[in-house]
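# Geometric and topological summary
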Amino acid sequence: MKRWLKAVILTYLSLLFFGSFLAVGMLGTGALENFLPFITDIKIFLYYFFAGAIGGSLRHLYMFCTHYMEDELHDYRKWIMYIFYPIFATGTSVVAVTIIQSGILLIQFTDYQDTPYAPISIAFFVGFGFNRFVNKLNIVSKDMFQTNNKKMDTVEKAIDEVEESSGLNSSPHNK
């Protein structure tokens, strides 16, 4: 990997990491709300978004520096990971907190003096462990939407029987 590309990636990840802290601070003080009034409506989601950005950029800063120090940055395909994974982690963090708050995963957050510390912490962890979270999400979605051929045959047969007995399947064209 060329030296200038390493510098660009390191600068990008550093700006994303420190910029996200700055954005969280501005959200907390209300500075963004004074400048952009619509922020009030999405403020909580921005906390999750920037917490995911902090986690994702921290993880990839660590990985980048480790690979740089060990002189393992020879594969040009890997720079894509350092650019895009922290971006993916931001949106995934918001979705993860939303899924948890919906109750689908049977996890509940405890309110602590009207501050969303637990959801923000989860958003950070999802950002930090983006790959692991996506793998777990894939497993959960496979389990939730698994199609078992034997089970599907039984369900389809039951639906056909109900339609036949109620006359739903009888049309002039079928006779």
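Each remark here, short or long, concerns the structure printed above.
Below you will find a few notes about this structure. These figures come from a predicted structure and were not determined experimentally.

Take a nonpolar patch on the surface next. Residues F38, I42, I44 and F45 make up a contiguous nonpolar surface patch of about 340 Å² in total accessible area. Locating I44 in the fold gives a position in helix α3 (residues 39-69). On the basis of relative accessibility, which here comes to 31%, the residue I44 falls in the partly exposed class.

Most pronounced at F45, the bend in α3 amounts to some 45 degrees. D71 occupies a position one or two residues after α3 and carries a positive phi of about 55 degrees.

On to the packing of aromatic side chains, then. Under the counting rule described, the total for this entry stands at eleven aromatic pairs. Each ring, one from F64 and one from Y82, has its centre 5.2 Å from the other, and the planes form 85 degrees; the classification is edge-to-face. Here Y82 lies in helix α4 (residues 78-102) and F64 lies in helix α3, a separation of 18 residues in the sequence. Looking at Y82, the relative accessible area reads 0%, which means it is buried. Centroid distance F84 to F88: 6.1 Å. Interplanar angle 20 degrees. Geometry classified as stacked. With F84 and F88 both in helix α4 and four residues apart, this pair spans about one turn of that helix. Residue classification places F84 among the partly exposed residues on the basis of a relative accessible area of 36%. The exposure class of F88 is partly exposed, given its relative accessible area of 41%. Chaining the aromatic ring pairs together yields one cluster made of F84, Y85, F88 and F130.

Rules used in this analysis
Residues numbered from 1 in each chain as written. Predicted model: local features only at pLDDT ≥ 70, side-chain atom pairs only at ≥ 80, totals over all residues. Heavy atoms only, no water. Patch = residues over 30% accessible without salt bridge, like charges linked within 9 Å, V, L, I, M, F, W, Y side chains within 5 Å. Areas by Shrake-Rupley, 256 points an atom, 1.4 Å probe, with all protein chains shown as cover. Salt bridge = Lys/Arg side-chain N within 4 Å of Asp/Glu carboxyl O. Helix = DSSP H or I, 4+ residues; strand = E, 2+ residues; numbered from the N terminus. Buried < 20%, exposed > 50% of the residue type's maximum accessible area, 1.4 Å probe, protein only. Bend = angle between axes of the 7 residues up to and from the residue. Phe/Tyr/Trp six-rings, centres within 6.5 Å; stacked < 30°, edge-to-face > 60°.

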